Amino acid sequence: MVSRMNDCLLLFDVGGTFLKAVIADSDRRLIEDAEFSVPMPSSGSREEITGALVTAVTRGAALAAGRGMRIAGVAVCFPGPFDYNRGVSMMEHKFQAIRSVSLTGILRSHPALGADVPVRFLHDVNAALVGEMARGRARGFRNAALVSLGTGLGYACCLDSVLQVNPYGSPLITIFRMPYGDGILEDYVSKRGITRLYRELSGCTDGEITVAEIASRAFGGEEAARGAFDRAGRILGGTLAPILTQYGIECLLCGGQISKSFELFAPALRECLRDVPDLKVIAQAENITNAPFYGLLESLI
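None of these values were measured; they are calculated from a predicted model.

Caption draft 1: Seen up close, the packing of aromatic side chains. Taken as a whole and judged by the stated rule, the model has 6 aromatic pairs. Summarising the aromatic geometry, the rings of Phe82 and Phe121 are spaced 5.4 Å apart at their centres and angled 35° between planes, so their arrangement reads as tilted. Linking Phe82 in strand β5 (residues 82–83) with Phe121 in strand β7 (residues 119–123), this pair joins segments that are 39 residues apart in sequence. In this structure, Phe82 and Phe121 share a single accessibility class: buried. Ring centres of Tyr180 and Tyr188 lie 5.0 Å apart, and the angle between their planes is 70°; this geometry places the pair in the edge-to-face category. The exposure class assigned to Tyr180 is partly exposed, which follows from its relative accessible area of 30%. Among the aromatic side chains, those forming a connected cluster through ring pairs are Phe78, Phe82, Tyr84, Phe95 and Phe121. In this structure, Arg196 packs its charged tip against the face of Tyr188, placed 4.3 Å from the ring centre.

Caption draft 2: Structural context of the sheet that holds strand β8 (residues 144–149). Across the sheet, 5 strands lie side by side as β10-β9-β8-β13-β14; this open sheet has mixed pairing. Every interior strand has two partners, whereas the edge strands, β10 (162–163) and β14 (281–284), have only one. Examined bridge by bridge, strand β13 (residues 251–255) and β14 share 4 bridges and lie parallel to one another. Counted as the bridge partner of Cys251 is Val281 from β14.

Caption draft 3: Expanded view of the sheet that holds strand β2 (residues 18–24). Ordered by their spatial adjacency, 5 strands build an open sheet running β3-β2-β1-β4-β7, and the pairing between neighbours is mixed. The open sheet has two edge strands, β3 (30–39) and β7, and neither has a second partner. This sheet shows a mean twist of 20° between the axes of neighbouring strands, independent of strand direction. In this structure, strand β1 (residues 7–14) lies alongside strand β4 (residues 70–78), joined through 7 bridges in parallel fashion. Each residue of the ladder has a partner; that of Leu10, found in β4, is Val74.

Caption draft 4: Representation of the pattern of salt bridges within the structure. Applying the stated rule across the entire model yields 16 salt bridges. The partner of Arg86 in a salt bridge is Asp83, and the shortest N-O contact between them spans 2.8 Å. Taking the relative accessible area as the measure of exposure, Arg86 reaches 51% and is therefore exposed. Across the pair Glu200 and Arg196 runs a salt bridge, and its minimum N-O distance is 3.4 Å. In this pair, Glu200 and Arg196 both sit in helix α4 (residues 191–202), 4 residues apart, roughly one turn of the helix. Its relative accessible area of 46% is what places Glu200 among the partly exposed residues. Among the charged side chains, a network of salt bridges with common partners joins Asp182, Arg196, Glu200 and Arg231.

Rules used throughout
Throughout this description, residue numbers start from 1 for each chain and increase along the sequence as written. Under the rules for a predicted model, residues below a pLDDT of 70 receive no local features and side-chain atom pairs below 80 are neither given nor counted, while totals for whole chains, interfaces and linings still include all residues. As a convention, hydrogens and water are excluded, and side-chain values are obtained from all of the structure's heavy atoms. A pair of Phe, Tyr and Trp rings is counted when the ring centres sit within 6.5 Å of each other, with Trp represented by its six-membered ring. The angle between the planes then sorts it: under 30 degrees is stacked, over 60 is edge-to-face, the rest tilted. Runs of E in the DSSP output that reach at least two residues are strands. Runs of H or I that reach at least four are helices, and both are numbered from the N terminus. Residue exposure (1.4 Å probe, protein chains only): buried if accessible area is under 20% of the type maximum, exposed if over 50%, otherwise partly exposed. Placement of a charge over a ring requires the Lys NZ or Arg CZ to be within 6 Å of the ring centre, with the centre-to-atom vector within 35 degrees of the ring normal. Think of it this way: DSSP has to see at least two bridges between two strands before they count as a pair. Each axis is a line fitted through C-alpha atoms, taken for helices only over the stretch in contact, and angles between the N-to-C directions span 0 to 180 degrees. Salt bridges are identified by distance alone: a Lys or Arg side-chain nitrogen within 4 Å of an Asp or Glu carboxyl oxygen.

Honestly, it's all geometry; don't read function into it.
Now the structure itself:
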């Protein structure tokens, strides 16, 4: 893949609003001053979404050329449902305008790349786990799992060091749709889940309150805020315990933006998982921001 000293790899992490990008050098190190973002609204038109991809490649190629480098591969994290083998979105709830569009074809048609440049797509949670297996706290474990807590709730696992995926390349085991309470697990353990729990405990009527604000109140000692994180940790732990036991998971990591407040829900999570027989580590992901990029690098080996 990277065969010459001036080869580099272009990595994209697609969210709901922006595409984050970075270049990795021939030693597979992320180049810190070669990071950038491009607006990419998931509710946008086909032209806006595919145009953001094209813009990102153009900008990445210019950054590479300015360093005397050429792009030898492209890897993209994308949320699902998605056919990661073909580079085709299957989403209906967001990115609707590019459903069934070949993003691989769009990328390879860019003059800075060409038809022979390898292009890989990974589910964002899969990429984060692979990144942690390669360069983070899951190193040395054969059976590891990562829960991603953010706008949604994601789960990925490796068994015998093999990433578990379905035929489309998405995580083989999903937890966000599991029934819980009056809805599904994601209604309780996610951005909307924690804000919901906080409103129930505090009586707060602020419809715009964020998880970051609740976390700040929790760190400041507010009982209702601490209770919301505690309850989310218990709900997550109670749901995960039989799954982790069944698959012999040894290392469980928490990623995603909410996991930056890991210490607020970790005690409850650990208490609920204390009887999982093979589990040795329950921790915050070492590289919450860069783990997906490290996972993308592994896909281009």
